[in-house]
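Commentary on secondary and tertiary structure
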Amino acid sequence: MLDYVLPRYRVLRDKDECIQCGVCERSCSNGVHHVDTDLGRVTADHSKCVNCQRCVVMCPTQAIAISKWPQVGNGTNNWTLENMQDIAKQAQTGAVLLASMGNPKPYPIYWDHLLLNASQVTNPSIDPLREPMETRVFLGSRPNVLKVNEREHTISPKIPPQIKLDVPVMFGAMSFGAISLNAQKSLAMAAEELGTYFNTGEGGLHKDLERYGKNCIVQVASGRFGVDPHYLNAGAAIEIKIGQGAKPGIGGHLPGTKVNEEVSRTRMIPEGTDAISPAPHHDIYSIEDLRQLIFSIKEATRYTKPVAVKIAAVHNVAAIASGIARAGADIIVVDGFRGGTGAAPKRTRDNVGIPIELALAAVDARLHDEGIRSMVSVVASGSIRSSADIVRAIALGADAVYIGSAALIALGCHQCQDCGSGKCNWGIATQKPDLTRRLNPEIGAQRVVNLIRGWNREIQEMIGGMGINAIDSLRGNRLMLRGVGLNEKELEILGVKYAGE
Amino acid sequence: MKRIYAIESWCIDCKRCEVACRTAHSKSKDPVKAYKVEHVPGARIHVEGDQHVSIAVNCRQCPKPACVDACISGAMQRDPETGIITSDPERCVGCRTCVSECPFGCIHVESVALKCDLCGDGHGEPGEPACVAACPNRALIYVESEGCHHGE
């Protein structure tokens, strides 16, 4: 059957610059480039290009650029080329459309409508280069009241287990299987150096990464891959994954082709079999059930580690978060609909869930209203793109944030959204040895550390400008935010005033 | 002395090192001119293998180089100060004796012997050879060698 699907990209090659060295051909796992000695030039199979930009970066003479396929649509807003191409794909294959990374649709990005405050005249701003500036964060439950016995130098009640972050950023759950061991190792090494945490995702903890256990959050998801008492105790905290922002309401599916020997051993499943995470946890059908799992895990770890519960930002997120807090979770992770994924049904990724900004504001407000905010820490995730987004998230009520996509971009990811193919040219979302080798964790860790160091410096500059010298003083401080281009309802949910107010 | 070491586990067969080497040994130091105008002879570093297993092969700068001992014209010389072995194209007769003597297959002859001269022309760290600077994955590193000290 003739395939009606058009190429998405066109490889532009500057013939004057191309030296036919073949670096592009050897760099492309999709087989786009070919040094054709008969023609005496390098040819391209445009239809195979996914715009990962590996060749663009690798080309020694900067002879390559990737452009859009020049085909125009028919000019209607309704039957766009993308809509028609999706139909062509499904008419060809009869399958569910799969996509990767975060929701790319033009929904409002509220971060870009929130402006930060700075001190002028009436209160002094603080220069982080000259004065101490605290970016340390503790995550975990806090007692409502702390009694200090000054005579005996003791406090009561006993502080529940917490984890300490030197920077208010952690690396979100990305499993070994979805990403390569070298990618996970890069994040683990970076987390150790930065004094923060990486998250195993639902794929278990590879034995080579156990030495990074004190900088690791181990995840328990619906598939329960790799979960045993040793695993639960290997990390600094445990995260129960209920949902993921990119695909709320559905589970996961790691194709058998990615389940090689190492992934099989780490996940404790047979080699070559599909790793299917069910949509729900089959033992959780209520808040009470969730409480049972939380306390089973706390028992298994002797109440020494905080337990987090991660949910996707959905319509009733605030009420659900309240239930999770009451179920005994120490940390609630809210993942917005722009959060990334290795693979999700396209219609779910593009249409399900709500923005993290609104969800975070609603959760923080609800927990405050119910007087239970100090029972839990709140972590926001789902497309944190810069240090300014972190400052906004903390001002909206987050204790810290998870980054996933941003960390992968630091490793080389160019957001081509082709993770599902397993042919990631950057050695990140693949298990093929010739591709995973492209990511040297020494370089990867260094790049991620550089990014977070830069961001932390920027956070210090921004909060210093507000006259704040500790990130704790920014948390939930929505007076430091002003909205622009938002309607009254949006301002009400975000709990911020309009610029000029 | 500092030497170039190739690390097989990180070599990804991209051969950027070869392009960088030819460019570094051109007059213009420009890859486009080096390939299209100057037609600089082949690289002095070669990536052997394929996408699955590959490694860059270039001169180890041996302390007791067989190529220097074998050279019939005196072109191949080891600098007693730096320890760097170079072949003088003016004196080389292209007899390939050095090729047969080199235990690592690091010398190529294109009318005259071509071998790594630890160029130090890279755009990376000061003194870093071009191939090391061009390697995207630290499969080539330029470090003080262990066990083989200057003058050995």
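All values reported here derive from a predicted model rather than from experimental measurement.

**Some thoughts on the overall build of chain A**
Helices and strands together make up the secondary structure of chain A, namely 15 helices and 23 strands. In terms of overall size, chain A behaves like a compact globule, its C-alpha atoms giving a radius of gyration of 24 Å where 501 residues would be expected to give roughly 23 Å. Its C-alpha atoms give chain A principal-axis dimensions of roughly 90 × 60 × 45 Å. Taken across its 501 residues, chain A has 51% of its residues classed as buried.

**Side note on the overall build of chain B**
What chain B contains, in helices and strands, is 5 helices and 8 strands. The secondary structure elements of chain B, listed N-terminal to C-terminal, are β-α-α-β-β-α-β-β-α-β-β-α-β. On C-alpha atoms alone, chain B measures out to a radius of gyration of 15 Å, which is about the 15 Å that the 2.2 N^0.38 rule sets for 152 residues. C-alpha extents for chain B along the principal axes are approximately 40 × 35 × 30 Å. For chain B, the proportion of contacts with a sequence separation of at least 24, taken over those separated by at least 6, is 55%.

**Some thoughts on the pairing of strand β11 (residues 169–173) of chain A**
Residue and element names in this part refer to chain A. Burial analysis of β11 places 5 of its 5 residues in the buried class, the great majority of the element. Judged from the 3 bridges that link them, β11 and strand β21 (residues 400–403) form a sheet pairing that is parallel. Note that in β21 the partner of Met-170 across the bridge is Tyr-402. Relative to strand β12 (residues 198–199), β11 is paired through 2 bridges, and the arrangement is parallel. Within the sheet, the bridge partner assigned to Ala-173 lies in β12 and is Asn-199. On the question of chirality, the crossover connecting β11 to the parallel β12 by way of helix α4 (residues 181–194) is right-handed.

**Overview of the sheet that holds strand β22 (residues 481–483) of chain A**
Residues and elements named next belong to chain A. Pairing within the open sheet is mixed, and its 3 strands lie in the order β6-β22-β23. In this open sheet, the two edge strands, each paired with only one partner strand, are β6 (114–116) and β23 (497–498). Pairing of β6 with β22 involves 3 bridges; the strand directions are antiparallel. Bridging across to β22, Leu-115 finds its partner in Arg-482.

**Description of unusual backbone geometry**
Residue and element names in this part refer to chain A. In the segment running from Ser-156 into Pro-157, the intervening peptide bond is cis, with an omega of -5 degrees. Within the secondary structure, Pro-157 is located in the loop between β9 (154–156) and β10 (162–165). Residue Gln-62 is not a glycine yet carries a positive backbone phi of 50 degrees. Inspection of the secondary structure assignment puts Gln-62 in the loop between α2 (54–58) and β4 (64–68). Of the residues examined, Gln-62 has 12 C-beta atoms within 10 Å and is grouped as exposed. Phi at Tyr-303 is positive, roughly 55 degrees, even though this residue is not glycine. Note on placement: Tyr-303 falls in the loop between α7 (287–300) and β17 (307–312).

**Quick notes on the nonpolar core**
Within the largest apolar cluster, 192 residues are counted, with the highest numbers of intra-cluster contacts made by Ala-329, Ile-332, Val-334 and Val-401 of chain A together with Cys-131 of chain B. When sequence neighbours within four positions are dropped, the list of residues in contact with Cys-131 of chain B reads Ile-4, Cys-17, Ala-20, Cys-21, Ile-45 and Leu-140 of chain B.

**Comments concerning helix α14 (residues 441–465) of chain A**
With 25 residues, α14 of chain A should reach 36 Å at 1.5 Å per residue; the first-to-last C-alpha distance of 36 Å fits that figure. Looking one or two residues beyond α14 of chain A, the residue adopting positive phi is Gly-467 of chain A, at roughly 85 degrees.

**Focus: the domain arrangement of chain A**
Taken domain by domain, chain A consists of domain 1 (9–95) and domain 2 (137–250 + 284–412 + 438–498). Placing the centre of domain 1 of chain A and that of domain 2 of chain A at their C-alpha centroids yields a distance of 37 Å.

**Details of the sheet that holds β21 of chain A**
Residue and element names in this part refer to chain A. Pairing is parallel in the closed barrel, where 8 strands are placed in the order β11-β12-β13-β14-β17-β18-β20-β21. With 5 bridges joining them, β17 and strand β18 (residues 331–335) adopt parallel strand pairing. By the bridge assignment, Ala-312 is partnered in β18 with Asp-335. Along the sheet face, α7 touches β13 (216–220), β14 (237–241) and β17 and points at about 145 degrees away from the line of β17. Contacts from helix α8 (residues 317–326) reach β17 and β18, with the element oriented near 155 degrees to β18.

**A word on the interface of chain B and chain A**
Taken residue by residue, the interface counts 17 residues in chain B and 16 residues in chain A. If you tally residues by element for the side of chain B that touches chain A, the top one is helix α2 (residues 31–36) of chain B, at 4 residues. Looking at the side of chain B that touches chain A residue by residue, the class counts come to 8 nonpolar, 4 polar and 5 charged.

**Comments concerning the packing of helix α11 (residues 387–395) of chain A against α14 of chain A**
Residue and element names in this part refer to chain A. Two elements in contact, α11 and α14, have axes whose closest approach is 9 Å; the angle formed by their N-to-C orientations is 55 degrees. By the angle class used here, α11 and α14 are oblique. Regarding α11 and α14, the two cross each other, and that crossing is right-handed. The residues of α14 that touch α11, namely those facing Ser-387, Ala-388, Ile-390 and Val-391, are Trp-455, Glu-458, Ile-459, Met-462 and Ile-463. A per-class count over the contact of α11 with α14 returns 7 nonpolar, 1 polar and 1 charged.

**A look at the confidence of the model for chain B**
Do not read the fine detail of predicted coordinates wherever pLDDT is low. Looking at chain B as a whole, the pLDDT averages 91, with 95% of positions reaching at least 70. With a pTM of 0.95, the predicted complex shows an ipTM of 0.92.

**Thoughts on the domain arrangement of chain B**
All names here are of chain B. Split by domain assignment, chain B resolves into domain 1 (1–58 + 116–146) and domain 2 (62–114). In this structure, domain 1 and domain 2 have C-alpha centres spaced 19 Å apart. Contacts between domain 1 and domain 2 engage 9 residues on the former and 10 residues on the latter. In terms of residue class, the side of domain 1 that touches domain 2 is built from 5 nonpolar, 2 polar and 2 charged.

**Comments concerning the environment of Ile-72 of chain B**
Position of Ile-72 of chain B relative to the elements: it lies in the loop between α3 (66–70) and β4 (76–78). C-alpha separation for the pair Ile-72 of chain B and Pro-31 of chain B, spaced 41 residues apart in sequence, amounts to 34 Å.

**A short note on α8 of chain A**
The buried count for α8 of chain A comes to 7 of 10 residues, which makes it a mostly enclosed element. Residues of α8 of chain A that are buried sit in contact with α7, β17, β18 and α10 (356–369) of chain A.

**Some words on the packing of α8 of chain A against α10 of chain A**
Residue and element names in this part refer to chain A. Packing of α8 against α10 brings their axes to within 8 Å, and their N-to-C directions diverge by 50 degrees. It follows from the interaxial angle that α8 and α10 lie oblique. Where α8 crosses over α10, the handedness of that crossing is right-handed. Here α8 contributes Val-317, Ala-318, Ala-321, Ser-322 and Ala-325 to the contact with α10, which in turn contributes Ala-359, Ala-362, Val-363, Arg-366 and Leu-367. The class makeup of the residues in the contact of α8 with α10 is 8 nonpolar, 1 polar and 1 charged.

The rules behind the values
- Residues numbered from 1 in each chain as written.
- Chains lettered and ligands numbered in written order.
- Predicted model: local features only at pLDDT ≥ 70, side-chain atom pairs only at ≥ 80, totals over all residues.
- Helix = DSSP H or I, 4+ residues; strand = E, 2+ residues; numbered from the N terminus.
- Rg over C-alpha atoms; globule rule 2.2 N^0.38 Å.
- Buried ≥ 20, exposed ≤ 12 C-beta atoms within 10 Å, placed from the backbone.
- Contact = placed C-beta atoms within 7 Å.
- Pairing = 2+ DSSP bridges.
- Right-handed = clockwise from strand over helix to strand, strands pointing away.
- Core = buried A, V, L, I, M, F, W, Y, C linked by C-beta atoms within 7 Å.
- Expected span 1.5 Å × (residues − 1).
- Domains from an automatic or database assignment.
- Axes fitted to C-alpha atoms, helices over the stretch in contact; angles between N-to-C directions.
- Nonpolar A, V, L, I, M, F, W, Y, C, P; charged D, E, K, R; others polar.
- Parallel < 35°, antiparallel > 145°, perpendicular 65-115°, else oblique.
- Left-handed = near helix turned anticlockwise from the far one by under 90°.
- pLDDT = per-residue confidence, 0-100.

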